[in-house]
Amino acid sequence: MRKKIVAGNWKMNLNLESGRKLVAEVCNLLKQTNPDKISEKPEVVFFPPFVFITEVAKIAENIPGVGVGVQNISHEEKGAYTGEVSASMVRSCGATYTLIGHSERRTYFKEDDNLLARKLEVAIRNGLTPVYCCGEIISERKAGKHFEVVGEQMTTALFWMNKAEFEKIVIAYEPVWAIGTGVTATPLQAQEMHAFIRTLISEKFGNETGQKTTILYGGSCNAQNAAELFSQPDVDGGLIGGASLNASEFFAIVNSF
Ligand code: PEP
């Protein structure tokens, strides 16, 4: 069975106190889960800003099925790169996941697929699980180019890897027009892109790898629409932005499987 994940991307929101409170509330709700049902539940991963990861990791430490990640890492291993944060640093603070290529990094910080390939390599080398984000902008969808665009993002950033490296990757399909807009991809739109991504992976690395790769959906996913999106055969969970900032809503999304 494929691993299911529901992840919360806090972006540049919350402070230490409100972040701690959010994680503690979600963890308390998770602790009440019937132990017999835990294996059916998705892994929950928090993606706070760098400065909070140690605290979040401490709170989440003994809660089964809860992980901590960062929203970005440097493409360099170490050295004179003022303001950058390395994969090994975040690993030493308790992070085990990293987002790579979120659309806000691509748009505002001009990160392209070649740079993202370097970040992926550094992440894997340091034992972080990358959640590689891909997705088209609205004009590309309107022009019918969404499969081509996502195919290119997958190929350039990921398909230089060998099979063992690729099997460490989680994919998040996030149509840019759905992120933070309140417009969600329909379950059919999500399913057809996830199936397309899975086919690409199978063609490159074999059917077994394609079948076991976790592919998340992200883009205005909330407690109302999560169940229908997660019921699609190729949707293995969600990367949640705005709705992950509220403990009860995030917990409801986690319980949407
Ligand atoms: C995101 O930031 O990855 C995201 C999906 O945001 P939102 O859920 O707010 O659309």
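Refer to the preceding data block for the structure.
Right, let's walk through the structure included here. (Residues numbered from 1 in each chain as written. Predicted model: local features only at pLDDT ≥ 70, side-chain atom pairs only at ≥ 80, totals over all residues. Heavy atoms only, no water.)

1. Quick word on the environment of isoleucine 53
Counting through the fold element by element, isoleucine 53 comes out in helix α2 (residues 53-60). Residue isoleucine 53 is classed as buried on the basis of its relative accessible area of 2%. In this structure, the C-alpha to C-alpha distance between isoleucine 53 and valine 90, residues 37 residues apart in sequence, is 7.8 Å. Not counting chain neighbours up to four residues away, the residues in contact with isoleucine 53 comprise Pro48, Val68, Gly69, Val70, Val90, Cys93 and Ala95. (Helix = DSSP H or I, 4+ residues; strand = E, 2+ residues; numbered from the N terminus. Buried < 20%, exposed > 50% of the residue type's maximum accessible area, 1.4 Å probe, protein only. Contact = heavy atoms within 4.5 Å.)

2. Some remarks on the site of the ligand
Taken together, the neighbourhood of the ligand is formed by 14 residues, with Lys11, Glu174, Gly180, Ser220 and Gly241 sitting nearest. Within the contact set of the ligand, an oxygen atom lies 2.8 Å away from a backbone nitrogen or oxygen of glycine 241. At 2.9 Å from an oxygen atom of the ligand is found a main-chain nitrogen or oxygen belonging to glycine 242. Starting from 300 Å² of accessible surface for the ligand in isolation, the protein chains cover 95%. Taken together, the residues that form the shell around the ligand break down as four nonpolar, eight polar and two charged. (Near = heavy atom within 4 Å. Polar contact = N/O pair within 3.5 Å; in protein donor to acceptor, adjacent residues only side chain to side chain. Areas by Shrake-Rupley, 256 points an atom, 1.4 Å probe, with all protein chains shown as cover. Nonpolar A, V, L, I, M, F, W, Y, C, P; charged D, E, K, R; others polar.)

3. As for the packing of aromatic side chains
This model, assessed by the stated rule, comprises eight aromatic pairs. Taken together, a centroid distance of 6.0 Å and an interplanar angle of 50° make the contact between phenylalanine 46 and phenylalanine 250 tilted. Linking phenylalanine 46 in strand β2 (residues 43-47) with phenylalanine 250 in helix α12 (residues 247-254), this pair joins segments that are 204 residues apart in sequence. Judged on exposure class, the residue phenylalanine 46 and its partner phenylalanine 250 are both buried. An aromatic cluster is present here, built from Trp10, Phe46 and Phe250 joined pairwise through their rings. Taking the ring centre of phenylalanine 109 as reference, the NZ or CZ of arginine 105 above it sits at 4.0 Å. If you follow lysine 204 out to its NZ or CZ, it ends over the ring of phenylalanine 205, 6.0 Å from the centre. (Phe/Tyr/Trp six-rings, centres within 6.5 Å; stacked < 30°, edge-to-face > 60°. Lys NZ or Arg CZ within 6 Å of the ring centre and 35° of its normal.)

4. Some thoughts on the pairing of strand β8 (residues 237-240)
Because side chains alternate across β8, one face comprises the buried residues Gly237 and Leu239, and the other comprises Gly238 and Ile240, equally buried. Strand direction decides the pairing type here: strand β1 (residues 5-9) and β8, joined by four bridges, are parallel. Paired with isoleucine 5 across the bridge in β8 is glycine 237. Sheet topology note: the strand β7 (residues 215-218)/β8 ladder contains two bridges and is parallel. Residue glycine 218 lies in a different strand from β8, and its bridge partner there is leucine 239. (Pairing = 2+ DSSP bridges.)

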